[in-house]
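One-letter residues, chain by chain:
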Amino acid sequence: MAKFNTPSLANSAPNTETAQWRDYLELTKPKVVAMLLLTAMVGMCLAVPSLPPAHAVILGLLGIGMQSAAAAVFNHVIDQRIDRQMQRTIHRPVAKGRVGTSQALAFGGLLMVAGFALLWVLNVLVAWLTFASLIGYAVVYTVWLKHATPQNIVIGGLAGAMPPLLGWVAVTGTLDPHALLLVMLIFTWTPPHFWALAIHREKDYAKAGVPMLPVTHGVEFTKTMILLYTLLLVVVGLLPWLAGMSGLIYLFGSLALNLGFAWYAWQLKFHDRKGLAWQTFKYSIWHVFGLFVALLADHAWRAIG
Ligand code: HEM
Ligand SMILES: CC(C)=CCC/C(C)=C/CC/C(C)=C/COP(=O)(O)OP(=O)(O)O
């Protein structure tokens, strides 16, 4: 059994370069947070028959965005040692020492408190649920799950899947089963999204001693899991339509996107070629974007129709 690393802040890199504002922006994982905010906004729009109130949209997106960004900053601090061991992450601001651990913690702390306060103004439920997601990603996933089990990203994926529900609660102040269907979509999407990348970067994870599925169970098994999850996604993708939450625009949009993802996964499993795992990962990002745009377009069409 291989020995896997546990996180530690020891062995910090010397602070040899000066931090720039771009380094602080990078710490927040801006593209990931932008996608999380799109899913949150779709949750807000689907929560009400017409347009959600402007103050809930503005405060909600700011608060969810700041808390997500804070979680990403804490992830950089906690992961700095493994980030230094992987080609993909070696140049990150904390790993390289351009931003010190205390500066990053202060920056993350500020975002966390400000984000929590903004959401608290909206309603207590959204403030606590968003904070729980932050803890889920920054502490439960990054500190513990990531190093404990190859199911790390399946369980930890719940935090990243929460924003549509958070957006929904920001607007209504209550939990609704329809919002859980949106969470299920991202929850099922996350394993093929990440494992495609993990196959492409398998050596990085092996070197850093992180027990990702391709490292612990091999690439072939991981490809089978990717295929199974994309097939499951085809089924889960039908639920918003079956539940009457979304109409035909969503149904056909999601079927096309989900079958496209399953096709990539099939190729990866049975007709792999150089670079296909990376292409599958890239597809997953356009896929989740398209899926939530389809939900939004469908909702808008039904609202004006
Ligand atoms: C536990 C759950 C997740 C894991 C482990 C994960 C993992 C990753 C990793 C490692 C990357 C970096 C790839 C690179 O360096 O090029 C990435 C990129 C990305 N992920 Fe995820 N992800 C998760 C959830 C999500 C969610 C929920 C979303 C949004 C709905 C998302 C959206 C993105 C986007 C947009 C990128 C591209 C970022 C860029 O190009 O800078 N991810 N993901
Ligand atoms: C409040 C709230 C909704 C919190 C969720 C925040 C958040 C940024 C979720 C995205 C998940 C993600 C990018 C995981 C990758 O982490 P990784 O450490 O495996 O990847 P890395 O090696 O690229 O850092």
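Residues numbered from 1 in each chain as written. Chains lettered and ligands numbered in written order. Predicted model: local features only at pLDDT ≥ 70, side-chain atom pairs only at ≥ 80, totals over all residues. Heavy atoms only, no water.

As annotated in an unreviewed UniProt entry, the chain carries the name Protoheme IX farnesyltransferase and is attributed to Grimontia sedimenti. In its Function (unreviewed entry) section, UniProt records this for the chain: "Converts heme B (protoheme IX) to heme O by substitution of the vinyl group on carbon 2 of heme B porphyrin ring with a hydroxyethyl farnesyl side group." Database annotation for the chain, UniProt heading Catalytic activity (unreviewed entry): "heme b + (2E,6E)-farnesyl diphosphate + H2O = Fe(II)-heme o + diphosphate". (UniProt positions renumbered as here; feature names shortened; annotations may be inferred.)

**Q** Go over the site of ligand 2 with me, naming the residues and quoting the values.
**A** If you check the shell around ligand 2, you find 17 residues, and the closest are Lys29, Arg88, Arg92, Tyr141 and Lys146. In isolation ligand 2 offers 640 Å² of accessible surface; the protein chains occlude 88% of this area. At the level of elements, helix 2 (30–46), helix 3 (54–78) and helix 7 (124–148) are the ones that each hand at least two residues to the shell around ligand 2. For the shell around ligand 2, the leading source of residues is helix 7, giving six residues. Of the residues assigned to the shell around ligand 2, the class counts are eight nonpolar, four polar and five charged. (Near = heavy atom within 4 Å. Areas by Shrake-Rupley, 256 points an atom, 1.4 Å probe, with all protein chains shown as cover. Helix = DSSP H or I, 4+ residues; strand = E, 2+ residues; numbered from the N terminus. Nonpolar A, V, L, I, M, F, W, Y, C, P; charged D, E, K, R; others polar.)

**Q** Tell me about a nonpolar patch on the surface, residues and numbers included.
**A** A contiguous nonpolar surface patch, about 400 Å² in accessible area, is contributed by Ile135, Val139, Val140, Val143 and Trp144. If you trace the backbone, valine 143 turns up in helix 7. (Patch = residues over 30% accessible without salt bridge, like charges linked within 9 Å, V, L, I, M, F, W, Y side chains within 5 Å. Salt bridge = Lys/Arg side-chain N within 4 Å of Asp/Glu carboxyl O.)

**Q** I'd love a proper account of the site of ligand 1, names of residues and values included.
**A** The environment of ligand 1 is formed by 18 residues, the closest being Arg88, Gly160, Thr190, His193 and Leu197. Side-chain polar atom of arginine 88 to an oxygen atom of ligand 1: 3.1 Å apart, as the coordinates give it. Contacts to ligand 1 include histidine 193, whose side-chain N or O atom sits 3.1 Å from a nitrogen atom. Mapped by element, the contributors of at least two residues to the shell around ligand 1 are helix 2, helix 8 (152–161), helix 10 (177–200) and helix 16 (276–304). It is helix 10 that provides the largest number of residues to the shell around ligand 1, a total of six residues. (Polar contact = N/O pair within 3.5 Å; in protein donor to acceptor, adjacent residues only side chain to side chain.)

**Q** Which residues make up the packing of aromatic side chains, and what values go with them?
**A** A ring pair, where both rings are aromatic, is described by two values, the distance of the centres and the angle of the planes. Counted under the stated rule, the structure contains 15 aromatic pairs. Aromatic pair tyrosine 24 and phenylalanine 107: ring centres 5.1 Å apart, planes at 85 degrees, arrangement edge-to-face. Placement of tyrosine 24 in helix 1 (residues 21–27) and of phenylalanine 107 in helix 6 (residues 101–122) is noted, with a sequence separation of 83 residues between them. Given a relative accessible area of 23%, tyrosine 24 falls into the partly exposed group. On the basis of relative accessibility, which here comes to 22%, the residue phenylalanine 107 falls in the partly exposed class. Arranged with centres 6.0 Å apart and planes meeting at 75 degrees, the rings of tryptophan 128 and phenylalanine 131 form a pair that is edge-to-face. Here tryptophan 128 and its partner phenylalanine 131 are both found in helix 7, three residues apart, which amounts to about one turn of the helix. Among the residues examined, phenylalanine 131 registers a relative accessible area of 24% and is labelled partly exposed. Chaining the aromatic ring pairs together yields one cluster made of Phe116, Trp120, Trp128 and Phe131. (Phe/Tyr/Trp six-rings, centres within 6.5 Å; stacked < 30°, edge-to-face > 60°. Buried < 20%, exposed > 50% of the residue type's maximum accessible area, 1.4 Å probe, protein only.)

**Q** Could you give an account of the coordination of the iron atom of ligand 1, naming the residues involved and the relevant values?
**A** The sole protein-derived ligand of the iron atom of ligand 1 is His193 (NE2), positioned 2.2 Å away. Counting through the fold element by element, histidine 193 comes out in helix 10. (Donors = N, O, S within 2.8 Å, 3.2 Å for Na, K, Ca; no water.)

**Q** Give a detailed account of the environment of leucine 122, specifying residues and quantitative values.
**A** Its place among the elements puts leucine 122 in helix 6. Spatially, the C-alpha atom of leucine 122 lies 7.2 Å from that of leucine 59, the residues being 63 residues apart in sequence. With residues up to four places along the chain from it excluded, the contact list for leucine 122 reads His55, Ala56, Leu59, Gly60 and Ala170. (Contact = heavy atoms within 4.5 Å.)

**Q** Lay out unusual backbone geometry with the relevant residues and their values.
**A** Phi angles above zero are rare outside glycine, and lysine 29 is one such case at about 50 degrees. With respect to the helices and strands, the residue lysine 29 is situated in the loop between helix 1 and helix 2.

**Q** Can you lay out the side chain of threonine 230 for me, pointing to particular residues and giving the numbers?
**A** With respect to the helices and strands, threonine 230 occurs in helix 13 (residues 219–236). Overall, threonine 230 belongs to the buried group, its relative accessible area being 0%. For threonine 230, the contacting residues outside a window of four places in its chain are Pro192, Phe261, Ala262 and Ala265.

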